[in-house]
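Understanding the architecture of this molecule
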Amino acid sequence: MATQLSTTPTAKVDQFFEELEAKKTILAKCTNLFTTLSTHFSSLQHSVTDKSQFIDSKLQSLESLSSETLQSLHHRQTSIPERESAAAARISDQKEAALAEVRAPPPTDPDLSAALKSLSRKMDAVALLRFVVSKRKESASLRAEIAEAMAEAVDPPRLVLEAVEEFLRSKAANSGVTDKRWACGLLIQALMVSESREYSRKILERAVAVVEMWKEHLDGESESGAAEVVMFLQMVVCFGLRSRFDDEYLRKFIMEFASRRDMAKLAASLQFGDKIIDIIDELIRSGKEIEAVYFASESGLTERFPPINLLKSYHRNYKKNVTTTSRKGNNNHATTDDSSTSELNSIKSIIKCVEDHKLESEFNLDHLRKRATLLEKAKAERKKSSTSGTKPQNKRGSRGNGSSSSRPAKSAKFSNAHSSSFGRRNLPSLQPSPGARFSGPFNYPSQTIFDGATVNPYAATYGTTHTQSPAGITQQHFSIPVDNLGPSGYRSSGSYSGQASYGIYDYRNGAPLTYPPPYTVDQPTYRG
């Protein structure tokens with residue numbers, strides 16, 4: 001009985017503490033749950049506050065933008081009468097000038113500028129093309145004069161479209177294609193540098209028809225030329241026809257002719273968006289790091305694709321390729337020549353790219369310049385020894401024929417000299433350096449938008465010559481006779497490093513190109 005009395009209070013105490021512990025656990029859980037809920041609701045409150053502030057700032061920005069847009073529209077509306085009267089007066093003056101040109105007898109010997117302006121005033125696209133082709137040898141003067149001359153035309157866009165239509169007719173008839181292609185290229189460039197970016201609805205409809213016709217011609221060809229593709233893309237950009245083409249269709253042209261000096265700017269103007277990153281990645285994978293530098297600079301992606309890293313990668317790869325080629329050739333003369341030419345071209349392309357982007361402080365060029373100088377000297381010595389080695393053979397051939405003529409006999413022309421001199425040395429000398437792909441100096445600002453109404457950012461680089469480094473290409477090293485060039489200024493064949501080469505075509509004496517701003521709508525502004 002005593003035992004039962006002693007154990008009963010203990011059991012009650014134990015039960016009490018168990019209940020107390022259970023309540024303590026429940027209280028701790030409630031406390032934790034309350035803390036979690038408080039934190040969650042506090043986070044939601046902060047998120048809602050941030051979003052509310054963001055929406056308020058957006059609304060303020062929208063109101064400010066709307067106010068500026070309304071002011072701009074009001075200004076344009078109030079300026080319409082003045083602009084109409086100015087345009088009417090200008091058209092009247094141009095009409096009178098054109099009629100005076102028609103009535104007056106043609107001058108006996110007009111200068112280049114006067115003739116171009118006269119043909120532009122007459123809006124005679126066929127005659128203008130014919131005249132430009134006839135002045136092919138004065139291409140530098142033509143590029144300098146043609147933009148100013150086209151400004152005298154009543155309707156420059158229509159003049160260019162009629163010229164392109166004439167070129168496409170010649171292309172269909174396969175008559176005088178290369179001459180007119182070159183001339184049309186000059187006219188399109190002249191239109192690109194014009195201040196006005198507003199075209200009438202009728203002009204835009206005609207531009208659509210012309211570009212669609214041109215696309216059919218390009219699609220029907222097994223291989224398109226670089227110059228013509230650039231002209232086609234310039235037309236697409238100039239008239240705001242980007243939305244009419246698939247990304248993949250335009251990307252094919254961009255990748256195929258990425259080494260063209262205008263292609264980086266065209267790619268930025270064509271608004272590939274995030275897909276431009278894929279294009280640059282593909283250039284890097286295919287060993288075209290130099291082109292990738294220009295594309296990244298033009299698209300404002302130098303942080304994602306640092307130029308110095310790309311240049312170092314290109315430098316490592318070309319050194320590896322040169323070493324591999326030399327080992328496989330076993331000191332063969334032809335292999336040595338090809339390896340030296342390839343190395344020299346690669347060095348010059350690096351030097352040109354570094355100078356264009358003002359990276360001398362980050363990428364030391366002293367060693368490359370010294371190496372380029374040594375390769376140039378070795379190349380000149382090989383050429384000199386090869387030339388001197390062929391002269392006695394020509395004389396023996398001449399004496400052997402018993403002829404008084406200094407012309408060597410056919411058997412002498414194609415004897416050992418064929419393999420030692422012509423076949424191995426002269427052909428590499430015709431190949432342009434990769435630096436010639438960007439023959440004019442570039443000065444790429446970090447930008448992603450082009451403003452046609454502002455000062456042309458490329459005027460300084462397109463309109464002036466570039467002072468090359470001691471390792472820079474000289475025109476004599478890689479020039480070829482005009483007869484071997486197509487009228488477009490490109491050789492029809494030939495390659496360097498597996499890429500198409502385009503001879504000595506150069507825009508340095510031409511008018512600076514200005515690409516229109518990226519289009520946010522399908523069509524640019526109509527005038528009516």
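Read on for an overview of the structure. (Residues numbered from 1 in each chain as written. Predicted model: local features only at pLDDT ≥ 70, side-chain atom pairs only at ≥ 80, totals over all residues. Heavy atoms only, no water.)

**Let's talk about the overall build of the chain**
Counting secondary structure elements, the chain contains 19 helices and 2 strands. Among the 528 residues that make up the chain, the fraction classed as buried is 42%. In the chain, the share of contacts with a sequence separation of at least 24, taken over all contacts with a separation of at least 6, comes to 77%. (Helix = DSSP H or I, 4+ residues; strand = E, 2+ residues; numbered from the N terminus. Buried < 20%, exposed > 50% of the residue type's maximum accessible area, 1.4 Å probe, protein only. Contact = heavy atoms within 4.5 Å.)

**Let's talk about unusual backbone geometry**
The phi torsion at Gln 271 lies on the positive side, around 55°, for a residue other than glycine. For Lys 358, which is not glycine, the phi dihedral falls at a positive 55°. If you trace the backbone, Lys 358 turns up in the loop between helix H14 (333-356) and helix H15 (366-400). Using a relative accessible area of 58% as the deciding quantity, one classes Lys 358 as exposed.

**Details of the environment of Ala 172**
Counting through the fold element by element, Ala 172 comes out in helix H5 (residues 156-173). Put simply, Ala 172 and His 217 are 45 residues apart on the chain and 8.1 Å apart in space, counted from C-alpha to C-alpha.

**A closer look at helix H2 (residues 112-121)**
Most of H2 sits out of view: 9 of its 10 residues are buried. Of all the residues in H2, the buried ones are Leu 112, Ser 113, Ala 115, Leu 116, Lys 117, Ser 118, Leu 119, Ser 120 and Arg 121.

**Thoughts on the pattern of salt bridges**
Within the structure shown, the criterion is met by 22 salt bridges. A salt bridge links Lys 275 to Asp 247; the nearest nitrogen and oxygen atoms lie 2.9 Å apart. Taken together, the residues Lys 275 in helix H11 (residues 275-285) and Asp 247 in helix H9 (residues 247-256) connect sequence positions 28 residues apart. A relative accessible area of 39% places Lys 275 in the partly exposed class. A relative accessible area of 26% means that Asp 247 is categorised as partly exposed. Within this structure, Asp 155, Arg 158, Glu 162, Glu 165 and Arg 206 form a network of salt bridges that share partners. (Salt bridge = Lys/Arg side-chain N within 4 Å of Asp/Glu carboxyl O.)

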